[in-house]
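Summary of the model geometry
In case you want the letters, here they are:
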Amino acid sequence: MSKTSRYTRLRSIFLIYIFIFLFFSLRLIYVQIIDYPHLSGLAYRQHNLVIKVEPARGTIYDRNLRPLAFSINLESIYANPRMIKDPVGAAHLLSDILNIDDAYLVSKFTKKKAFVWVVRKISPETANKVKKLKLSYIGFTKEPKRFYPNDKMACHIIGFAGLDNKGLEGVEAMCDNYLRGKPGWRYTKQDAKQRELPSYKNKSVPAVDGLNVVLTIDSVLQSIAEMQLDVIMQKFHPKAATIIAVDPSTGKILALANRPNFAPNNFQKFEALARKNRAVTDIFEPGSVFKIVTASAALQEGKVTPNDKFFCENGEFKPFPSYTLHDYHPYGWLTFRQVVENSSNIGTGKVARLLGPQALYNYIRAYGFGQKTGIDLAGEVSGIIRPPSQWSKTSPWNIPIGQEVAITPIQAVTAIAAIANNGVLMRPYVIEKIQDNKGRVLKEVSPVVVRRVLSEKTAKLMQNILAGVVESGTGKAAKIENYRVAGKTGTAQKVEPGGFYSKDKYVGSFIGFVPAENSMIACIVTVDEPQPIHFGAVVAAPGFSKFVGQSIDYLKSKNVLLPANQKGGY
Amino acid sequence: MKLSKFFILLVVSTMAAIFYVTQQVEATKIGYQINAQQLALSDTLDQRQMLLYNVYNLKSPENLQESFYKKSKKPEDFKILNKNHIIVLANSNQKQRPQASDSVTSKLGNILGINSLAEAKTQE
């Protein structure tokens, strides 16, 4: 090789290197200086990650801290359609495992998006089957799902939370602010496979878990109430039925159950009517149970004494020519006590005449009718009570016997509880306290005295008269072995859409408390359109007897078994 | 600068760079391990919640009642025990013993074993 040719070759190689060097230098300048903002932005977005940390939704407990609703994390599956080359094949692969229609999955997988939900909150078994397929375009994330271990029990109190864990009805909705918690976040980095690198975790704000809500209801009492409602539904096939039990001295709701009901775990499968909390949202004409208001008002105002006599017109009375008041059984002379015991409409009407419309109206309002009780459940209605200025000619005779008025079951049980509580009306409530995961109580609801409706003396007199209703009057079916029961039956005709009373649609009810003195439970049982029998004494009173009898036995045995420091309260 | 010094500097800086990179790699590996452990922990906690749900579900009065109805020939005979049916048995091991006070003399007594002797006499 000549010297010149060698020199030329060396120069060529040098020039190539220089050219390559220049190329890379220019590229470096382009990448590092000219395109720096764009590329650094891309890298930042690819590596850095802000992860939202979801808080755990709080648990709902009954008063004995038995869980009624709590959250479990379940897998949700998402897909990146941009990575799917064969949407039909992918859909076919997953449709059998997930039990989802092929066409639905294909529609999801053909979307021009980087993220689509495939299915949310599935069982661990199903998630594992999908994981075993190791599909690169499928991702998994955990989401909390609300579970209700007691199935349908207390469904109208607890309510339910939706797919996004927001409370939609019942206590879930009322206490959503407490239960929901506060989401946190963490700022971290991820690798090319989108795996988080915790060692690069920079800043984080931890999630604050939701607080727990403790209710006043007792699972066992609630279960007994549900059981009795099932018996009533089987025997009398009513359109609806309700049981509410209250602690008269505090206003705590011990049990509240309605039929029809629903399962909060699958609330979508039930009609809206089944989700209705009839105890607070439905109004009904109370009929004879409303006579407790007339009777107690007359006693309190000193217009009558228990032994005053009233002539009950042998079952038919015309206060004015176009109107006749009937009694179910014809009675002659009855004492005031017997008027209540036998539920005489004519006798009660005459007692109300002595009292006068305005005084009666004042007591109706004092018992809380025509206004919301203030119970901490959504959807409560006020009922319908007209002032005397709007009364018709028949109103002074109809209203004292529970017609021309509309009340809710919760109002009725609150009123009877006032008599049981020696004349003091308490505000009913279901949320007892709010506490954190360590059991520290952050908020405790105390019993609220609304007002004194009756003097203690009158209330005790009423307790005695109402005990007579069960001992020798219309409410004999409500008797409970070993306990003195006080109560009142009611059978009311329903009003048809045209404004006239139906001949075959009734609401049978029983309200009462046990024991008659120093009572532990006040309760209402209402049965809407029972068939074939419609009398409150037949359809509601036996349910009351069974429910309250078993409840009192449970409460007393519980008090025996409790440690000394927990005894005392029922 | 002498060539040897340059080489020493080169070696030291290379070693430092390798050390830094190794450290970063190890940190990343540990990060992955932490991730895996956290995942396992959260999976275990979730499983625990699921098992608890099953326990609560089985213990729920509704479920117990349903099982009872299935097994019982005469479910209407079901009755909740009342106070008179329950006999509370005293546990002999939980017999109340005199409580030693927290005073200094009492604590001293405990150390010297005087209080325990006094208790033994009481039991006689």
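Note that the structure is predicted; figures quoted are calculated from it, not measured. (Residues numbered from 1 in each chain as written. Chains lettered and ligands numbered in written order. Predicted model: local features only at pLDDT ≥ 70, side-chain atom pairs only at ≥ 80, totals over all residues.)

Turning next to the domain arrangement of chain A. All names here are of chain A. As far as domains go, chain A holds domain 1 (54-182 + 197-214) and domain 2 (219-263 + 277-434 + 447-562). A C-alpha centroid distance of 45 Å is found between domain 1 and domain 2. Going through the elements one at a time, α6 (155-158), α7 (170-174) and β11 (212-215) are the ones with two or more residues in the side of domain 1 that touches domain 2. The class makeup of the residues in the side of domain 1 that touches domain 2 is 12 nonpolar, three polar and six charged. (Domains from an automatic or database assignment. Helix = DSSP H or I, 4+ residues; strand = E, 2+ residues; numbered from the N terminus. Nonpolar A, V, L, I, M, F, W, Y, C, P; charged D, E, K, R; others polar.)

Moving on: the sheet that holds strand β13 (residues 253-259) of chain A. All names here are of chain A. Sheet architecture is open: five strands sit in the order β13-β12-β24-β23-β22, paired in antiparallel fashion. The sheet is open, and its two edges are formed by β13 and β22 (486-495), each paired on a single side. Averaged over neighbouring strand pairs, the angle between their axes works out to 10° when direction is ignored. Contacting β12 (240-246), β13 and β24 (521-528), helix α9 (residues 219-236) crosses the sheet at an angle of about 30° to β13. (Pairing = 2+ DSSP bridges. Axes fitted to C-alpha atoms, helices over the stretch in contact; angles between N-to-C directions. Contact = placed C-beta atoms within 7 Å.)

A few words on the packing of helix α11 (residues 291-300) of chain A against helix α17 (residues 456-472) of chain A. Residues and elements named next belong to chain A. Closest axis-to-axis distance for the α11/α17 pair is 10 Å, and the angle between their directions is 140°. What the angle tells us is that α11 and α17 run oblique. Here the hand of the crossing between α11 and α17 comes out right-handed. Here α11 contributes A295, S296, L299 and Q300 to the contact with α17, which in turn contributes T458, L461, M462 and I465. Residues belonging to the contact of α11 with α17 are distributed by class as follows: five nonpolar, three polar and no charged. (Parallel < 35°, antiparallel > 145°, perpendicular 65-115°, else oblique. Left-handed = near helix turned anticlockwise from the far one by under 90°.)

Turning next to the environment of N202 of chain A. All names here are of chain A. Checked against the element boundaries, N202 lands in the loop between β9 (196-197) and β10 (204-205). Residue class for N202 comes out exposed when judged on the 10 C-beta atoms lying within 10 Å of it. Among residues more than four places away in sequence, those in contact with N202 are Y187 and T188. (Buried ≥ 20, exposed ≤ 12 C-beta atoms within 10 Å, placed from the backbone.)

A few words now on the nonpolar core. All names here are of chain A. Counting residues in each nonpolar core, the largest one holds 132 residues, and the members touching the most others are L215, I244, V413, I416 and C523. Looking at which domains feed residues into this core, each of domain 1 (54-182 + 197-214) and domain 2 (219-263 + 277-434 + 447-562) gives three or more. Those residues in contact with I244 that sit more than four places away from it in its chain are I253, L256, A279, P409, I410, V413, C523 and I524. Counting residues in hydrophobic clusters, the runner-up holds 15 residues, among them I77, A79, A91 and V119. (Core = buried A, V, L, I, M, F, W, Y, C linked by C-beta atoms within 7 Å.)

Next up on the list: unusual backbone geometry. All names here are of chain A. Cis geometry is adopted by the peptide bond preceding P260, which originates at R259 and carries an omega value of 0°. With respect to the helices and strands, P260 occurs in the loop between β13 and α10 (278-281). Put simply, Q531 and P532 share a cis peptide bond, and its omega is -5°. With respect to the helices and strands, the residue P532 is situated in the loop between β24 and α18 (536-539). Here the phi dihedral of E404 falls at roughly 65°; this positive angle occurs in a residue that is not glycine. Position of E404 among the secondary structure elements: in the loop between α15 (395-398) and α16 (409-420). Here N422, not a glycine, exhibits a phi torsion of approximately 55°, which is positive. By the secondary structure assignment, N422 is in the loop between α16 and β18 (424-426). Residue classification places N422 among the buried residues on the basis of 21 C-beta atoms within 10 Å.

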